[in-house]
Amino acid sequence: MSATLDTVHVPPTASQTRSDLWRWSLLGGLAIALVAAFFLNVAFGSVRIPLSEIITILTGGEASKPSWSYIVLAFRLPKALTAILAGAALAVSGLQMQTLFRNPLADPYILGINAGASLGVALVVLATGAATGFLSNVGLLGDLSLIASAIAGASLVTGLVIVAARWLRHAMTLLILGLMLGYATSAIVSILIYFSVPEQIQAYIAWTFGSFGGVTWRQLLILAPVIGAGLLLAVLLTKPLNALLLGEAYARSMGVDVQRVRFWLIAGTSVLAGAVTAFCGPIAFLGVAIPHLCRALLHSSDHRLLVPATLLMGGLAALLADLVASMPGSRTILPLNAVTALLGAPIVVWIVLRRDGPRSDFSS
Amino acid sequence: MSEPILQTDDLAIGYRTRRHAPHLVAERLDLRLYPGELVCLLGPNGAGKSTLLRTLAGMQPPLRGQLRLAGTDLYRLSPQELARRLAVVLTDRVEVGNLSVRTLTALGRYPHTGWSGRLTPRDEVAIDQALMAVGIADFAARSVHELSDGERQKVMIARALAQEPQLLLLDEPTAFLDLPRRVELMGLLRRLAREGERAVLLSTHDLDLALRGADQLWLLQPEGSIQVGVPEELVLNGAFQHAFRGAGVAFDACTGAFVFQHPPMGRIDLVGHDLAAVWTRRALEREGFVVSGHEDPPATLRVAIHDQEGQTVWRLHHEDTYQDFPTLSQTLRGVKTHWFAARTEQ
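1. Side note on the overall build of chain B
Inference 1: Within chain B one finds eleven helices and 18 strands.
Inference 2: Taking 2.2 N^0.38 as the reference for a compact globule, 346 residues should give roughly 20 Å; the C-alpha atoms of chain B span a radius of gyration of 26 Å, well beyond that estimate.
Inference 3: Taken along the three principal axes of its C-alpha coordinates, chain B extends 85 × 50 × 40 Å.
Inference 4: Counting only residues that meet the buried cut, chain B has 49% of its 346 residues in that class.
Inference 5: Just so you have it, chain B exposes about 17,200 Å², and 51% of that area is on carbon and sulfur atoms.

2. A word on the overall build of chain A
Inference 1: The helix and strand inventory of chain A stands at 14 helices and zero strands.
Inference 2: Reading the secondary structure of chain A in the N-to-C direction produces α-α-α-α-α-α-α-α-α-α-α-α-α-α.
Inference 3: Across chain A, the fraction of contacts at a sequence separation of at least 24, relative to all contacts at a separation of at least 6, is 77%.
Inference 4: Per element, the accessible surface of chain A, about 16,100 Å² overall, is 73% carbon and sulfur.

3. A word on the nonpolar core
Inference 1: Of all hydrophobic cores here, the largest spans 119 residues; its most connected members are Leu52, Trp218 and Phe240 of chain B.
Inference 2: Looking at this core element by element, the count peaks at seven residues for helix 5 (residues 149-162) of chain B.
Inference 3: Of all hydrophobic cores here, the second largest spans 79 residues; its members include Ala150, Leu272, Leu286 and Val339 of chain A.

4. Brief notes about the environment of glycine 229 of chain B
All names here are of chain B.
Inference 1: Counting through the fold element by element, glycine 229 comes out in strand 11 (residues 226-229).
Inference 2: Assessed through its relative accessible area of 5%, glycine 229 is described here as buried.
Inference 3: Sequence spacing of glycine 229 and leucine 217 is twelve residues, and the spatial spacing of their C-alpha atoms is 5.6 Å.
Inference 4: Contacts of glycine 229, omitting those with residues within four sequence positions, involve Gln216, Leu217 and Leu234.

5. Quick word on the sheet that holds strand 7 (residues 86-89) of chain B
Residues and elements named next belong to chain B.
Inference 1: Taking strand neighbours across the sheet as the criterion, the six strands line up as 7-8-9-4-10-11 in an open arrangement whose pairing is mixed. Of all the strands in the sheet, just strand 7 and strand 11 have a single pairing partner and so form its edges. Within the sheet, the average angular offset between the axes of one strand and its neighbour, ignoring direction, is 15°.
Inference 2: In this structure, strand 4 (residues 38-42) lies alongside strand 9 (residues 199-203), joined through four bridges in parallel fashion. Across the sheet, the residue bridging to valine 39 is leucine 201, located in strand 9.
Inference 3: Here helix 5 sits on the sheet in contact with strand 7 and strand 8 (167-171), set at roughly 170° to strand 7.

6. Re the side chain of serine 149 of chain A
Residue and element names in this part refer to chain A.
Inference 1: Here serine 149 lies in helix 5 (residues 140-167).
Inference 2: Looking at serine 149, the relative accessible area reads 8%, which means it is buried.
Inference 3: Those residues in contact with serine 149 that lie beyond four places of it in its chain are Gly120, Val121 and Val124.

7. Points about the interface of chain B and chain A
Inference 1: Taken together, the contact pairs 41 residues of chain B with 36 residues of chain A.
Inference 2: Note on chain B versus chain A: buried area summed over both sides is about 3,300 Å², and carbon and sulfur give 62% of it.
Inference 3: When the area that chain B buries against chain A is broken down by residue, the three leading residues are Glu95, Asn98 and Tyr110 of chain B, summing to 21%.
Inference 4: Counting every contact that joins chain B to chain A gives zero salt bridges.

8. Some thoughts on helix 11 (residues 258-280) of chain A
Residue and element names in this part refer to chain A.
Inference 1: Along its 23 residues, helix 11 runs 32 Å from first to last C-alpha, staying within 8% of the 33 Å computed at 1.5 Å per residue.
Inference 2: For helix 11, the buried fraction is high: 19 of the 23 residues fall into the buried class.
Inference 3: Two residues or fewer after helix 11 comes glycine 281, characterised by a positive phi angle close to 85°.

9. Focus on a nonpolar patch on the surface
Residue and element names in this part refer to chain A.
Inference 1: A surface patch of nonpolar side chains, amounting to about 480 Å² of accessible area, comprises Phe39, Leu40, Phe44, Leu51, Ile55 and Leu58.
Inference 2: When contributions to the nonpolar patch are tallied by element, the ones reaching two or more residues are helix 1 (14-43) and helix 2 (51-58).
Inference 3: The element that contributes the greatest number of residues to the nonpolar patch is helix 2, accounting for three residues.
Inference 4: Position of phenylalanine 44 relative to the elements: it lies in the loop between helix 1 and helix 2.
Inference 5: Judged by relative accessible area, phenylalanine 44 falls into the partly exposed class, the value being 37%.

10. Some details on the confidence of the model for chain B
Inference 1: On average, residues of chain B score 88 in pLDDT, and 97% of them are at 70 or above.
Inference 2: Here the predicted complex scores 0.82 on pTM and 0.80 on ipTM.

11. Observations regarding the pattern of salt bridges
Residue and element names in this part refer to chain B.
Inference 1: Scanning the model with the defined rule gives 22 salt bridges over all chains in all.
Inference 2: Among the ionic pairs, arginine 76 bridges to aspartate 73, the shortest N-O distance being 3.4 Å.
Inference 3: Judged by its relative accessible area of 70%, arginine 76 falls in the exposed class.
Inference 4: Residue aspartate 73 is classed as partly exposed on the basis of its relative accessible area, which comes to 29%.

12. Re the packing of aromatic side chains
Inference 1: Inspection of the entire model under this criterion finds five aromatic pairs over all chains.
Inference 2: A ring pair is formed by tyrosine 204 of chain A and tryptophan 207 of chain A, whose centres lie 6.2 Å apart and whose planes are at 35°; its orientation type is tilted. Taken together, the positions of tyrosine 204 of chain A and tryptophan 207 of chain A, both in helix 7 (residues 198-209) and three residues apart, correspond to about one turn of that helix.
Inference 3: Residue class for tryptophan 207 of chain A comes out buried when judged on its relative accessible area of 10%.
Inference 4: An angle of 55° between the planes, with centres 5.5 Å apart, marks the rings of phenylalanine 240 of chain B and phenylalanine 244 of chain B as tilted. Of the two residues, phenylalanine 240 of chain B and phenylalanine 244 of chain B, both sit in the buried class.
Inference 5: Against the face of tyrosine 110 of chain B rests lysine 239 of chain A, its NZ or CZ located 4.2 Å from the ring centre.
Inference 6: Over the ring of phenylalanine 139 of chain B we find arginine 142 of chain B, and its NZ or CZ is 5.2 Å from the ring centre.

Cut-offs applied
- Residues numbered from 1 in each chain as written.
- Chains lettered and ligands numbered in written order.
- Predicted model: local features only at pLDDT ≥ 70, side-chain atom pairs only at ≥ 80, totals over all residues.
- Heavy atoms only, no water.
- Helix = DSSP H or I, 4+ residues; strand = E, 2+ residues; numbered from the N terminus.
- Rg over C-alpha atoms; globule rule 2.2 N^0.38 Å.
- Buried < 20%, exposed > 50% of the residue type's maximum accessible area, 1.4 Å probe, protein only.
- Areas by Shrake-Rupley, 256 points an atom, 1.4 Å probe, with all protein chains shown as cover.
- Contact = heavy atoms within 4.5 Å.
- Core = buried A, V, L, I, M, F, W, Y, C linked by side-chain atoms within 4.5 Å.
- Pairing = 2+ DSSP bridges.
- Axes fitted to C-alpha atoms, helices over the stretch in contact; angles between N-to-C directions.
- Buried area = accessible area lost by both parts, 1.4 Å probe.
- Salt bridge = Lys/Arg side-chain N within 4 Å of Asp/Glu carboxyl O.
- Expected span 1.5 Å × (residues − 1).
- Patch = residues over 30% accessible without salt bridge, like charges linked within 9 Å, V, L, I, M, F, W, Y side chains within 5 Å.
- pLDDT = per-residue confidence, 0-100.
- Phe/Tyr/Trp six-rings, centres within 6.5 Å; stacked < 30°, edge-to-face > 60°.
- Lys NZ or Arg CZ within 6 Å of the ring centre and 35° of its normal.

Written out as structure tokens, the structure reads:
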């Protein structure tokens, strides 16, 4: 190229600067909202605790009633942290799957992880429940066996998919394989349900509702580093994710080792979604909806923006959904999955009905 | 002459299949691509243009033979090293979603940036140069999905240039464009080859454009061989006509264009020398008439072009009568009416 061009730099236009400003303020706003929602989530629940007491407890002071300290420290705090971790994990892995498969309907469970975990839980609750008296045992041991079985089921499906990702050339083949694995495992769950007594079925269904509430501090010590690692991997994969926006052929031509990137994307998603499902149940909807919401708000498909945005938005949405589900001031708790879908569906409908539609935000 | 950027020796291309013997598409390919050169890869459908391009792009290993990019075996380069030397523009229209022209162009820096993809000032300069070389610096901030097909194609080329490749491969880049955009694109690619000291290879179905714009043609024959030469040479030695022979069309080596072959309808006289006469002749030939030469005896039909007070008038003579037409369309209709009437009488 001629030497005169070397010194010329194209200045950013006014509209470019304006949209950049909007994007950065949105990210900042999301971070602030996340902190606020975290505080709200801790402050409100079935038991009414004065705000001043909440602040006292959070800053390490003694509450007027010991039970309040217990509720906040042993229950609400880990629950809120779990919500942030799970929401961020599901939203980011959903984003990864949508880009990898170039499919706006993809979510973290698209490769059958959800179904695998369900099978594990169903086997424990439905098949062995009767023998071991599972229902009378929903204490610590019950929780642990539930988590262990969910991990086992999710790992089984994930392992199959990861092995397949190593040698399958086309992402679409992988997608179909994952879907079929999902159908097959769901079928086995159906058969198990068919031969079970109502009490067992209810215990299984309670698990499928999803909840952030069952995670203890001790379990959080496992969940947090696992999800941290998965999110770190997602950040490291931001650059190839952007290249994948152009499709695998272009990505390859620009120097992306597509097979390897695909392997790590699937491994990361499996870890993120698998861990969340194991500890919180199959939390639906966040994984598919949050990436769309972020694309629409940011007017961008650039993953350098989308990864941090979905991370924050996922945590925020999970906190708010959990807050609504806990019905502050009442003794009832709504199923979490019902809340995420009821609050989220109108948002997705709004995205779809916008002037541009999702086509402009997403490669279809 | 300088060293070739791309060099193949006894290259055989095709598909390896799991169970059967490899499917050979073309063999004994000894090709050279030099810096500053624009080469068009031509061939009838199914001759293997895409296979050859994919092989040269490092996406489909050759069945045999040597393939060197700037002196190194192309299939031994790492994906990153390859992407720094060679960029491709594929034929399919990509839906990239909501990216600005500049962000999309910046993706071309992929093989030059670190793990985070952070752009150094050096990268920014390369992006600016790519945008300007293609002439889209003005709408760098616009979103790609607002662009027309032609503009989008230019963004994809800018992105390829941002890779700073020595070799640019394009698979049918003119496929979605209208004729003026195609000519413009061809001119752009010529300039990119000349000014950037890089080699540009494109496959195309646009024979006319290739004949006019390419430095060299690579002509894949249906039998799986390839002919290389300057466009005019391949017309003169008949390779061009051979590659594209088919029912109903013929390559007219005099005009350098493809013409429909109809059974000739008959001979007609044409009188006139201006531009109107040139296009009237084309219209008559398209309809299947042969326009009389100087030494032919008078034909039964004659079209004479007159100028009446600044208006062109077509006068159709038939035996002793004549009829005036104000437009060429009406003239053609008149000619055909007379012709069919005369034939029914016989």
